[in-house]
Amino acid sequence: MPDDSTSTFQAGRTGLIVRIPEAEPFVRGWRERLDPSAQAGVPAHVTVLFPFLDESRTDAFVHAALTDVLGRHQAFDLRFERCGRLPEVMYLVPEPDTPLRRLTQAIADRWPEAPPYGGRFAEVVPHLTIAQGQEGAVLEEMEADLAGRLPFTSRVASVELMVHDGVKWQERASFALGE
């Protein structure tokens, strides 16, 4: 979820993610040490939209709208073959990323008051964060470790609404994609 510091982990903050459970054996150890979102309870994932609406706004109407918007998109497979880097972030590259971009765009179109990453970036790059704020040597070690263990594939059939309770991130709802 957040790709900066734990200061963005505020009670009531929400985000929409796709879980990538197949990534856990590959990235869990790295994420637990080097990704604040993992330390705060977020599983291996690709963010669809963060931040989303404040928890106080995620009522039955919003859940129904999410069910409708997300249900229009078909489930899909992602393949993870390589690492990528953004400033301060090491991540796994999901391919193809077009279905993820479409999910993000559909949610952002429906809730324009919740642009991806608060509108901080001109382009949103779908990614599975492994580490943040690390030195080059650590990133090179991580990349070498992962290169010998990739690829893997994951089926994406739902989007999860995550909420920060002030201590940890918790899943509050899951919204199925179409089959």
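Computed from a prediction, not measured in an experiment: that's the story for all the values here.

Conventions adopted
Residues numbered from 1 in each chain as written. Predicted model: local features only at pLDDT ≥ 70, side-chain atom pairs only at ≥ 80, totals over all residues. Heavy atoms only, no water. Pairing = 2+ DSSP bridges. Helix = DSSP H or I, 4+ residues; strand = E, 2+ residues; numbered from the N terminus. Axes fitted to C-alpha atoms, helices over the stretch in contact; angles between N-to-C directions. Contact = heavy atoms within 4.5 Å. Phe/Tyr/Trp six-rings, centres within 6.5 Å; stacked < 30°, edge-to-face > 60°. Buried < 20%, exposed > 50% of the residue type's maximum accessible area, 1.4 Å probe, protein only. Lys NZ or Arg CZ within 6 Å of the ring centre and 35° of its normal.

Some points on the sheet that holds strand S1 (residues 14–19)
On the basis of which strands lie adjacent, the open sheet formed by four strands has the order S2-S1-S7-S8 and antiparallel pairing. In this open sheet, the two strands that pair with only one neighbour each are strand S2 (45–49) and strand S8 (169–176). For this sheet the average axis-to-axis angle between neighbouring strands, irrespective of direction, equals 35°. The sheet contacts of helix H3 (residues 60–71) involve S1, strand S7 (158–164) and S8, and relative to S8 the element is tilted by about 55°. The strands touched by helix H4 (residues 98–110) are S1, S2 and S7; relative to S2, the strand with the most contacts, the crossing angle is about 30°.

A look at the packing of aromatic side chains
For any pair of aromatic rings, geometry is given as the distance between the ring centres together with the angle between the planes. The tally for this structure, following the rule as stated, stands at five aromatic pairs. When the ring of Phe52 is compared with that of Trp111, the centres are 5.2 Å apart and the planes differ by 85°; the resulting orientation is edge-to-face. One end of the pair, Phe52, is in the loop between S2 and H3; the other, Trp111, is in the loop between H4 and strand S5 (128–132), with 59 residues separating them in the sequence. Residue classification places Phe52 among the buried positions, given a relative accessible area of 6%. An aromatic cluster is defined as three or more aromatic residues linked by ring pairs; in this entry it consists of Phe26, Phe80 and Phe152. Sitting over the face of the ring of Trp111, Arg110 holds its NZ or CZ atom 4.6 Å from the ring centroid.

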